Amino acid sequence: MPATDTPPLPGTQRQKRGCFGSLIRLLFLFSLVIALVLPFTPFAGKIKKGIQDIFTSARTTKERIVTRDVLRDVIKEVPVVREVTKEVIREVQPPLPEKFIPRKDVDVATLFNGITVKTNLITEQGSFASLERLDPEAYKAEFQLSIRVPKANQTLDELSRINKNLPGILPGLEVMLPAAKVSGFYHKLYENKTNRVQNDLTRLSRILDRHNFYDTETILELTHPTTQRRALLVQSEMDVVADGSDGDRMPTLDEYIYLSDYYQPFTSYAWAKTTKNPNPLLAKWEDRLQKAQDEYAKKGLSSSRNRELKVMIDQLKLEVADFKVRSSLIADKDPFIVISLLFRGYADQNKFTPQIGDYAAVIHEGKIYPAICGDYGPSFKMGEASLRMAKTINPKATPYIRPESDLKVTYLIFPGTAEKERSAPDLAKWREKCLALLGEVGGVGAGFELHTWEDPFKKPEPPPAAPPAVTTPATNDAVTPGTPGTITAPPATPPAMAPPLPQPATAPIILTPIEPTAEPSKSGDSKAAAKSTSSKAGGTKTNKK
């Protein structure tokens, strides 16, 4: 049979709910009794007052002071040092060669017309440059160019063969030469020469001629054993440089010089301008710049011409700006020498490296001249000096005629002696410095003297004032014959048998030079005189035919 739900017994339900319900009913009754009895007890007033105070306090309180403990994190700034690595790109020169190394170079190139040219360059150790220059076999081409690279002078006898006065002028050479070393610059110079020959030969360009190839007899690194003064001795020829300009000292230039094909208005030795005088070439350079800019602005030019003009304009802008702030040496007025570009970049590697501004002594025949290193020249040449130095050695020298073609010039350079601040030439100071440096390598020999340069810009001193003329007052005494500035009249001869007549007082006659009256000149002569006066006022100018 299915199970059926039967209702619980009445007694069981009442028994389960009886305890809980009885407790509730008991609490309710207790509360009701308290509520009815409490108002009639002494506690009723206190309870009432407490409730009223609570409500009153809630209505009257406007501010609440809340005290909180706040924790703050204090951040202290600590400087952070960062290492910044700055990359400096410096050209590192290859080490200088210690000796000549014979070699055979082969170069192959293709000409513009498609012909292949193969050249062989053979170098071998030869004799001295002054001797190899005379030997036709030393520098010859059979389309296989054979060159004997000269060896350097090193002993006193070898140096004296070039200049017999050298031991007398520099007596300190005798103690320095035993420890002297042929400079690596000598080997580097002839290495540059052979490289240039190789390049020119392959391209059928103009090859360096025999004279310019053999232009250096020796380059020696000398150190005096007592003073430890270093010197670089170079034996070479002397070519001429006519560069440089300076508006502060020389506001005009000779056209013969600056119209030269090789003229450059700047020298490596330069300093800040000290006056407002414009450079004599500034107007000419500004005119060149304007013409180049006008042409560049035209339309229809070829791309190659545009590139050429752009390079020209950039270069002219730099030079115009340089004219306005710097002055250079003037080759016609300042005595300086030119050092090869092969020296540049070796100052950190070789302590005998000459630099711009270093003092030098130039020795030719029996004379010695003070100078400085004033400019750089080609890296494959040696032996150049300013036009003033050249004219002093040989008055026939010009920008196109060298004063000495043989290897008879000795250049004694004192590396590391350049002044920290460059300024306009002070020829008296240059002489004092060179004389002191020569003293540190043994001095100048007896019977020889360091040349003294005259300042070409020194203002002439005014002539001394002539003393005032003294006039002798007239007296009855006879004037002594022969008194300067007077003529004495001879005494009158009295007639025969006549009594002597009284002599009148003879006053001395003062001779005053009278300028002769110029005859009227012809019109042509007057024009020539005016032109001569004008040329003196404006500076020497050479008329070009």
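All values derive from a computational prediction rather than experimental measurement.

Rules used in this analysis
- Residues numbered from 1 in each chain as written.
- Predicted model: local features only at pLDDT ≥ 70, side-chain atom pairs only at ≥ 80, totals over all residues.
- Heavy atoms only, no water.
- Buried < 20%, exposed > 50% of the residue type's maximum accessible area, 1.4 Å probe, protein only.
- Helix = DSSP H or I, 4+ residues; strand = E, 2+ residues; numbered from the N terminus.
- Pairing = 2+ DSSP bridges.
- Salt bridge = Lys/Arg side-chain N within 4 Å of Asp/Glu carboxyl O.
- pLDDT = per-residue confidence, 0-100.
- Contact = heavy atoms within 4.5 Å.
- Phe/Tyr/Trp six-rings, centres within 6.5 Å; stacked < 30°, edge-to-face > 60°.
- Lys NZ or Arg CZ within 6 Å of the ring centre and 35° of its normal.

Draft legend 1. Here's a closer look at the pairing of strand 14 (residues 404-413). Of all ten residues in strand 14, seven are buried, a share of seventy percent or more. In the sheet, strand 7 (residues 230-241) pairs with strand 14 via six bridges, with the strands oriented antiparallel. In the sheet register, Leu233 faces strand 14, and the bridge partner there is Leu412. In the sheet, strand 11 (residues 359-364) pairs with strand 14 via five bridges, with the strands oriented antiparallel. Looking at the pairing, Ala361 lines up with Leu412 of strand 14.

Draft legend 2. Representation of the pattern of salt bridges. Under the definition given, this model contains 27 salt bridges. The partner of Asp215 in a salt bridge is Lys193, and the shortest N-O contact between them spans 3.0 Å. Within this pair, whereas Asp215 is found in the loop between helix 8 (210-213) and strand 6 (216-223), its partner Lys193 is found in helix 7 (residues 184-202), the two being separated by 22 residues in sequence. For the residue pair Asp215 and Lys193, the accessibility class agrees, reading buried in each case. Between Asp334 and Arg249 there is a salt bridge, with its nearest N and O atoms 2.8 Å apart. Of this pair, Asp334 sits in the loop between strand 9 (326-328) and strand 10 (336-340) while Arg249 sits in the loop between strand 7 and helix 9 (255-258), and the two are 85 residues apart along the sequence. When sorted by exposure, Asp334 lands in the same class as Arg249, which is buried.

Draft legend 3. Inspection of the confidence of the model for the protein chain at higher detail. With 73% of its residues at a pLDDT of at least 70, the protein chain reaches an overall mean of 80. The secondary-structure element of the protein chain with the lowest mean pLDDT is helix 14 (residues 523-538), recorded at 38, while strand 11 shows the highest, at 98. Note that pLDDT drops below 50 for residues 475-545; the model gives that stretch 33 contacts with residues more than four away or on any other chain.

Draft legend 4. Looking closely at the packing of aromatic side chains. As enumerated under the stated definition, the model contains eleven aromatic pairs in all. Plain terms: the ring middles of Phe185 and Phe343 are 4.7 Å apart, the flat faces sit at 70 degrees to each other, and that makes the pair edge-to-face. Within this pair, whereas Phe185 is found in helix 7, its partner Phe343 is found in the loop between strand 10 and strand 11, the two being separated by 158 residues in sequence. One exposure class covers both Phe185 and Phe343, and it is buried. The rings of Tyr139, Tyr186, Tyr190, Phe213 and Tyr214 are connected pair by pair, giving a single aromatic cluster. When the ring centre of Tyr190 is taken as reference, the NZ or CZ atom of Lys193 above it lies at 5.6 Å. Between Arg288 and the ring centre of Trp285, over which it is positioned, the NZ or CZ distance is 4.2 Å.

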